[in-house]
Amino acid sequence: MRRLPIRSLAGAATIGVLALTGCGTQTAGAPQGPETTTGERTVRAQQVMRLTEVHEQTGMTLLEGPVFDEDGKLLVVDVTAPAGEPKVLRVNVRKKTSRPVHTDARGAYTSAQISPHDGRIYLTDFAHGDIVSLAADGSDPRTFFSGEVDGSPMNPDDLAFDREGNLYLSDSRGMSEGEAKGRVVRIDREGKGATVLADGLASPNGISFDAAYRGLWFSELTQNRINYLLLDGKGGVASRHTAIRVDGGIAQTDSIAVDADGNLYQGLHGRPAMAVYDRYGERLATVEVPGRAAGGLESATNVAITPGGTKAYMTVSGPGGGYLYSFDALAKGIRQSNGG
């Protein structure tokens, strides 16, 4: 989600760096019909509602981290919302209404997830390196984790939980300098122990467990690739490899979600679209905002698939505002396709 000096993130530029996290996956001039020459499908997303407008103070709006709560409402973060304006919103997708859940004076939140351990909402503050948690109703804000990991501060972008409630983060450290200093970091569910699982990464962004919780998929924004990190079942790493090279043109790889069949939904920054792959790296579909509706929209950062259903809601943003778009996913939603 971004690309500007980190110090700018605290103010209006927080947005520029964050905006860099969105991504796209298709080469300019690619076929735009319902099926491409390679047989992949084009899925046309439909507008649900406009959630936000460009903020005068920051000059942007950037929606991220969609996650369904226990009541079926969708939580969304606005990365670039200034102090006093909603940084977390709760959306009733059926009624097409939204209400503010949380704001504060400094956070630049790039993802949201609900912990299976304590049921609280967890947010990553990209600008300050913090992990913040909220009660389910948005009250009782707490700093869950803050400070350095292995001697270096974090720029946490996206978040995934394992079954026990331990956290796995994409740390985009080095993004503002254009250096491959990024990491994948594990934090235990009590917030007391942090471990680097992978380093030397080029602006890691999306992160999600596979359908069986055997390993993690994570994207590198500035390399347009998706990696697979096989875990050893004891909090460590068994192996790591490049799994998919994304043909994105000017677009870059953003957040990742995984459905019940193990398919990957790769968000794009630079194009209001998502690329869908199977677990073996075959491109299955491109989900896109159609035609004229794409004007003023620059990214489709993330998606939440209705738990147990196939209705998917993706966050789409640009100079035209922040929107929710819906489409029919290729398989049912699970925890790995709900937030991050």
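Note that the structure is predicted; figures quoted are calculated from it, not measured.

Q: I tried to follow the sheet that holds strand β6 (residues 97-102) on my own but got confused; where do I start?
A: Backbone-to-backbone hydrogen bonds join strands into a sheet, with any given pair of strands oriented parallel or antiparallel. Strand order in the open sheet made by the four strands is β3-β4-β5-β6, with antiparallel pairing throughout. A strand with exactly one partner marks an edge of an open sheet, and here the two such strands are β3 (63-68) and β6. Between one strand axis and the next, the sheet turns by 25 degrees as a mean value, whatever way the strands run.

Q: Before we go on, may I ask you to explain the side chain of Gln266 in this structure?
A: Examined against the element boundaries, Gln266 turns out to sit in strand β20 (residues 264-269). Classification of Gln266 as buried rests on a relative accessible area of 0%. In terms of polar contacts, Gln266 uses its side chain to reach the backbone carbonyl oxygen of Asp254, at 3.0 Å.

Q: Would you mind going over the pattern of salt bridges with me for this structure?
A: As a working rule, side chains carrying opposite charge can pair if their charged atoms are close by. Under the criterion given, the structure shown has 12 salt bridges. Glu288 is the partner of Arg44 in a salt bridge, and the nearest nitrogen-oxygen pair spans 1.9 Å. Taken as a pair, Arg44 in strand β1 (residues 41-44) and Glu288 in strand β22 (residues 283-288) lie far apart in primary sequence, 244 residues in all. Assessed through its relative accessible area of 34%, Arg44 is described here as partly exposed. Taking the shortest distance from any N to any O, the salt bridge between Arg271 and Glu288 comes out at 2.9 Å. With Arg271 in the loop between β20 and β21 (273-277) and Glu288 in strand β22, the pair connects residues that are 17 residues apart, well separated along the chain. Here the two residues Arg271 and Glu288 agree in accessibility, since each one is buried.

Q: What's the story with the packing of aromatic side chains in this structure? I'm lost.
A: What describes a pair of aromatic rings is the distance from one ring centre to the other and the angle between the planes of the rings. Counting across every chain of the model gives eight aromatic pairs. Their ring planes at 70 degrees and their centres at 5.9 Å tell us that Phe68 and Tyr313 sit as a pair that is edge-to-face. Taken together, the residues span a long stretch of sequence, with Phe68 in strand β3 and Tyr313 in strand β24 (residues 311-318) at a distance of 245 residues. In this structure, Phe68 and Tyr313 share a single accessibility class: buried. Each ring, one from Tyr168 and one from Phe209, has its centre 5.0 Å from the other, and the planes form 85 degrees; the classification is edge-to-face.

Q: Can you help me understand the pairing of strand β23 (residues 299-305) in this one?
A: On any regular strand, side chains alternate: one points to one face of the sheet, the next to the other face. Among the seven residues in β23, seven count as buried, and that is most of the element. Here six bridges tie β23 to β24, and the two strands are oriented antiparallel to one another. Directly across from Ala300, in β24, lies its bridge partner Val316. Between the end of β23 and the start of β24, which pair antiparallel, lie five residues, with Gly308 showing a positive phi angle near 80 degrees.

Q: Which parts of the structure should I look at to understand the sheet that holds strand β7 (residues 109-114)?
A: Taken in spatial order, the four strands make up an open sheet running β7-β8-β9-β10, and their pairing is antiparallel. Sheet topology places β7 and β10 (142-145) at the edges, where each strand pairs with a single neighbour. This sheet shows a mean twist of 30 degrees between the axes of neighbouring strands, independent of strand direction. Pairing of strand β8 (residues 121-125) with strand β9 (residues 130-134), which is carried by five bridges, proceeds in the antiparallel orientation. When the bridges of β9 are listed, Asp125 appears paired with Asp130.

Q: Help me out: how do you make sense of the nonpolar core in this one?
A: Across soluble globular proteins, you tend to see nonpolar side chains buried next to one another. Formed by 20 residues in total, the largest nonpolar core has its most connected members in Tyr265, Val287, Val303, Met314, Tyr325 and Phe327. Listed by contribution, the elements that provide at least two residues to this core are β21, β22, β23, β24 and β25 (321-328). Sequence-distant contacts of Val287, defined by excluding residues within four places in its chain, comprise Val43, Ala45, Pro272, Ala273, Met274, Val276, Met314 and Phe327. By size, the runner-up hydrophobic cluster in this structure holds 13 residues, among which are Ala160, Leu197, Ala198 and Leu216.

Quick notes on the rules
Residues numbered from 1 in each chain as written. Predicted model: local features only at pLDDT ≥ 70, side-chain atom pairs only at ≥ 80, totals over all residues. Heavy atoms only, no water. Pairing = 2+ DSSP bridges. Helix = DSSP H or I, 4+ residues; strand = E, 2+ residues; numbered from the N terminus. Axes fitted to C-alpha atoms, helices over the stretch in contact; angles between N-to-C directions. Buried < 20%, exposed > 50% of the residue type's maximum accessible area, 1.4 Å probe, protein only. Polar contact = N/O pair within 3.5 Å; in protein donor to acceptor, adjacent residues only side chain to side chain. Salt bridge = Lys/Arg side-chain N within 4 Å of Asp/Glu carboxyl O. Phe/Tyr/Trp six-rings, centres within 6.5 Å; stacked < 30°, edge-to-face > 60°. Core = buried A, V, L, I, M, F, W, Y, C linked by side-chain atoms within 4.5 Å. Contact = heavy atoms within 4.5 Å.

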